[in-house]
Amino acid sequence: MYILYLLLVVVLVFVIHSILPTYYNKIFNRSVVKSTGQDNKIMLTFDDGPDERYIHDLLDLLDENGVKATFFMVAENAHKNREIVDKIMAAGHRVGLHSWQHKNAMLYSYSYTRQDFENSARIMRDLGVEELLYRPPWGHTNIFSNHFVRKYGMKMIYWDVMAEDWEAKASPESIRQKLLDRTSPTSIICLHDAGENSGGAKGAPKNTIEGLRLAIPELKDKGYDFILP
Ligand SMILES: [Zn+2]
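These figures come from a predicted structure and were not determined experimentally.

Rules used throughout
Residues numbered from 1 in each chain as written. Predicted model: local features only at pLDDT ≥ 70, side-chain atom pairs only at ≥ 80, totals over all residues. Heavy atoms only, no water. Helix = DSSP H or I, 4+ residues; strand = E, 2+ residues; numbered from the N terminus. Rg over C-alpha atoms; globule rule 2.2 N^0.38 Å. Buried < 20%, exposed > 50% of the residue type's maximum accessible area, 1.4 Å probe, protein only. Contact = heavy atoms within 4.5 Å. Areas by Shrake-Rupley, 256 points an atom, 1.4 Å probe, with all protein chains shown as cover. Lys, Arg positive; Asp, Glu negative; His and termini not counted. Charge placed at Lys NZ, Arg CZ, Asp CG, Glu CD. Donors = N, O, S within 2.8 Å, 3.2 Å for Na, K, Ca; no water.

A. View of the overall build of the protein chain. From N to C terminus, the protein chain includes eight helices and eight strands. At 18 Å, the protein chain has a C-alpha radius of gyration in line with the 17 Å of a compact globule built from 229 residues. Each principal axis of the C-alpha atoms in the protein chain carries an extent, and together these give about 60 × 40 × 35 Å. Within the protein chain, the proportion of its 229 residues that are buried is 51%. Pairs at least 24 apart in sequence give 77% of the contacts found in the protein chain among residues at least 6 apart. Accessible surface, the protein chain as shown: approximately 11,300 Å² in total, 55% of it carbon and sulfur. Placing the 27 positive and 29 negative side-chain charges of the protein chain at their respective mean positions leaves the two points 6 Å apart.

Structure representation (structure tokens):
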């Protein structure tokens, strides 16, 4: 019987600590940006980088198409790749934050959450990022996350379109098709320009880049402009 009570307490704590804050932010929190709110203006965003193996090809592709994008970086990766961060910003793209180490906030305590935000904010400011745009990994947050979002003046930006570009079975064509099927006139598209350390398949960003090479002209033909936050 005790085991049952214990189990019930654990489940309740998890619901209050993790599930409710995550769904509150995903569904109800009006300060979380989930669409551009402007007709035919869409955003292209990339999570998990930077990764030197892919970023240069991706930046070339964006440049060839005259598209500006937002890169939600893992702060530890950004810290190790300062020149890449500089190159991205110099090309007119935005740099946002995708947590310190890409851990799942639902599973972490107050003290890790505090460290996560403190270290991230320090690293991003050190890199010259002024306005802190924040996208938590998987959109997962815990009961302490929003306190730190406010403390560091961060703006949370989620997404409404993904293309499962991290999967081993993804191909340029599958990514292209999903982007065209799922993008609406106010969409925020979330793709991945890195991610082997955060659940993505080996080499997946190559498919992402080739999928985008196909999709960007078609999205433009539909009348969509790519904007920054
Ligand atoms: Zn991620």
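B. The coordination of the zinc ion, seen in detail. Looking at the zinc ion, the protein donor atoms are Asp48 (OD), His98 (NE2) and His102 (NE2), and they sit 2.1 Å from it. In the primary structure, the donors to the zinc ion are separated according to the pattern D-x49-H-x3-H. Residue classification places His98 among the buried positions, given a relative accessible area of 2%.

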